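Observations on the model geometry
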Amino acid sequence: MSLQINTITPAICYGEILWDVLPDGPQPGGALLNVSYHLNKLGMPTSLVSKIGNDENGQKLESLLDGWGIKKHLLQVDADHPTSEVIAKMNNGNEVSYEIIFPVAWDFINDSEHIKTQMRPSTYFVFGSLASRNSVSRDTLFELLESDAIKVFDINLRPPFINRNLLEDLLKKADIVKFNQAELEMAQVLFRGSYWNEAEQIRFIQDRFQIPEVIVTKGEFGASYYNRGKAYHVAGREVAVSDTIGSGDSFLAAFIANHYLGEAPETLLKNAIAMGGFIATKKGGCPDYELADYHAFRNQIF
């Protein structure tokens, strides 16, 4: 009788895993890798669905996942396409712009039937729009979005990979959506909304796509959470920014972890804002840190 290892985790992240090539050297990244990293750090075991190349860059990422304890049983290897790299450029001291190379291994994620065996109605299934830029990964994603999981959509719009029809189809599948302010404005333009007040913009999005929960991140100005007709707002705090890479991803991870624990909306927002600010004080999207340091930072700013 063989030993059965339980691979079911409360969260599954679907999408890009890559190297951010920065002026001072490469850093592991990709929005969904970042979210996975911070969820795992926060004590919420997470599986990553992505694809690496059969190359040295892929092997290095795989070794990092092992060291971080992120479940990699759903990580795929592509013999024909390289591990992803993104050329990141720093602007105005700490803002970042990206050149996202195409095609790469994570554009070819497949085997949806196997992935579905790991999903439950209580699973937080986290995805972004970028992973849909190629038909193979896009088709796999839409098959997975037919599940009963809690579907968390991090808009994460990255020009030139913005498609109105695709975005509309993804929004229709989501239970929880995270926008930043620029993405919320872009959604108004794409879907011909005529609202300039944030509450009306959110109502327009929720009504059009039947989305129960929407988050809006605002950098140092905090964040808002709209949940079934109720709105919650928490102001941000000024922090000493090292860079903003992965700050929004860490915010989302803390939001999901606290949502999973059933925290009150204001507590949930404060914890998420604190995590985003905490990671902004560090270099890269997946910096090493101790949870005690995050908690101390949170207590200091709130």
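Whatever comes next refers back to the structure up there.
This structure is a prediction, so every number in the text was calculated from the model and none was measured.

Let's shift gears to the packing of helix H1 (residues 31-41) against helix H8 (residues 247-261). Between H1 and H8, the shortest axis-to-axis distance is 8 Å and the interhelical angle comes to 45°. Considering the angle they form, H1 stands oblique to H8. In this structure, the crossing between H1 and H8 has a hand that is right-handed. Taking contact as the criterion, the partners of Ala-31, Asn-34, Val-35, His-38 and Leu-39 in H1 are, on H8, Asp-249, Ser-250, Leu-252, Ala-253, Ile-256 and Ala-257. Looking at the contact of H1 with H8, its residues break down into 7 nonpolar, 3 polar and 1 charged.

Attention shifts here to the pattern of salt bridges. Scanning the entire structure with this criterion turns up 14 salt bridges. Of the charged contacts, one joins Lys-41 and Asp-288 as a salt bridge, the two residues approaching to 3.8 Å between their closest N and O atoms. You can see Lys-41 sitting in helix H1 and its partner Asp-288 sitting in the loop between helix H9 (265-280) and helix H10 (291-301), a full 247 residues away along the chain. For Lys-72, the salt bridge is made with Asp-66, and the minimal N-O distance between the two is 3.0 Å. The partly exposed category is assigned to Lys-72, whose relative accessible area is 27%. Taking relative accessible area as the criterion, Asp-66 reaches 47% and is therefore assigned partly exposed. Here the salt bridges do not stand alone but share partners, grouping Glu-62, Asp-66 and Lys-72 into one network.

The next thing to look at is unusual backbone geometry. For the bond running from Phe-102 to Pro-103, omega is -5°, close enough to zero to count as cis. Even without a glycine there, the phi angle at Gln-210 is positive, about 55°. Take Gln-210: it is sitting in the loop between helix H7 (198-209) and strand S11 (213-217).

What follows concerns the state of the cysteines. According to the stated counting rule, one finds 0 disulfides in the structure shown. Not engaged in a disulfide, the cysteine Cys-13 finds its nearest cysteine sulfur in Cys-286; these two sulfurs lie 11 Å apart. In this structure Cys-286 comes out as buried when scored by relative accessible area, which is 12%.

Here the focus is the side chain of Asn-134. The topology assignment puts Asn-134 in the loop between strand S8 (124-128) and helix H4 (135-144). Asn-134 has contacts with Phe-102, Asp-107 and Phe-108, leaving out every residue within four places of it along the chain.

Ordered by their spatial adjacency, 9 strands build an open sheet running S5-S4-S1-S8-S9-S10-S11-S12-S13, and the pairing between neighbours is mixed. The sheet terminates laterally at strand S5 (75-78) and strand S13 (230-234), the two strands that pair on one side only. The sheet shows a mean angle of 15° between the axes of neighbouring strands, direction not considered. The pairing of strand S1 (residues 11-14) with S8 spans 4 bridges and is parallel. Counted as the bridge partner of Cys-13 is Val-126 from S8.

Summarising burial for strand S12 (residues 223-227): 5 of the 5 residues are buried, a large majority. Here S12 shows no split at all, with Ala-223, Tyr-225 and Asn-227 on one side and Ser-224 and Tyr-226 on the other all buried. Bridging between S11 and S12 involves 5 bridges; their strand directions are antiparallel. Of the residues in S12, the one forming a bridge with Glu-213 is Asn-227.

This part takes up the environment of Glu-146. Tracing the backbone through its elements, the reader meets Glu-146 in the loop between H4 and strand S9 (150-154). Linking Glu-146 and Asn-54, residues 92 residues apart in sequence, is a C-alpha distance of 30 Å.

Leu-39, Leu-48, Val-126, Phe-251, Phe-255 and Ile-256 are the most contacted members of the largest nonpolar core, which has 46 residues in total. For this core, the element with the highest residue contribution is H9, accounting for 8 residues. Beyond its immediate stretch of four places on either side in the chain, Leu-48 contacts Cys-13, Ile-17, Leu-32, Leu-33, Ser-36, Leu-65, Ile-70, Lys-71, Leu-74 and Leu-75. Residues Tyr-14, Leu-18, Met-119 and Phe-125 belong to the second largest nonpolar core, which totals 42 residues.

Moving on: the pairing of S13. Across 5 bridges, S12 lies against S13 in antiparallel orientation. Within the sheet, the bridge partner assigned to Asn-227 lies in S13 and is Lys-230. Where S12 folds back on S13, the antiparallel hairpin that results is connected by 2 residues, among which Arg-228 adopts a positive phi of roughly 50°.

In this section: the packing of aromatic side chains. Counted by the stated rule, this structure contains 14 aromatic pairs. Ring geometry for Tyr-225 and Phe-255: centres 5.2 Å apart, planes at 80°, overall edge-to-face. Pair noted here: Tyr-225 is in strand S12 and Phe-255 is in helix H8, with a separation of 30 residues, a long-range link. A connected cluster of aromatic rings, assembled from ring pairs, spans Tyr-37, Trp-68, Phe-278, Tyr-289, Tyr-294 and Phe-297. Sitting above the plane of the Tyr-289 ring, Lys-41 keeps its charged end 4.6 Å from the centroid. Just above the ring of Phe-161 sits the side chain of Arg-133; from NZ or CZ to the centre is 4.8 Å.

Procedures and definitions
- Residues numbered from 1 in each chain as written.
- Predicted model: local features only at pLDDT ≥ 70, side-chain atom pairs only at ≥ 80, totals over all residues.
- Heavy atoms only, no water.
- Axes fitted to C-alpha atoms, helices over the stretch in contact; angles between N-to-C directions.
- Helix = DSSP H or I, 4+ residues; strand = E, 2+ residues; numbered from the N terminus.
- Parallel < 35°, antiparallel > 145°, perpendicular 65-115°, else oblique.
- Left-handed = near helix turned anticlockwise from the far one by under 90°.
- Contact = heavy atoms within 4.5 Å.
- Nonpolar A, V, L, I, M, F, W, Y, C, P; charged D, E, K, R; others polar.
- Salt bridge = Lys/Arg side-chain N within 4 Å of Asp/Glu carboxyl O.
- Buried < 20%, exposed > 50% of the residue type's maximum accessible area, 1.4 Å probe, protein only.
- Disulfide = S-S within 2.5 Å.
- Pairing = 2+ DSSP bridges.
- Core = buried A, V, L, I, M, F, W, Y, C linked by side-chain atoms within 4.5 Å.
- Phe/Tyr/Trp six-rings, centres within 6.5 Å; stacked < 30°, edge-to-face > 60°.
- Lys NZ or Arg CZ within 6 Å of the ring centre and 35° of its normal.

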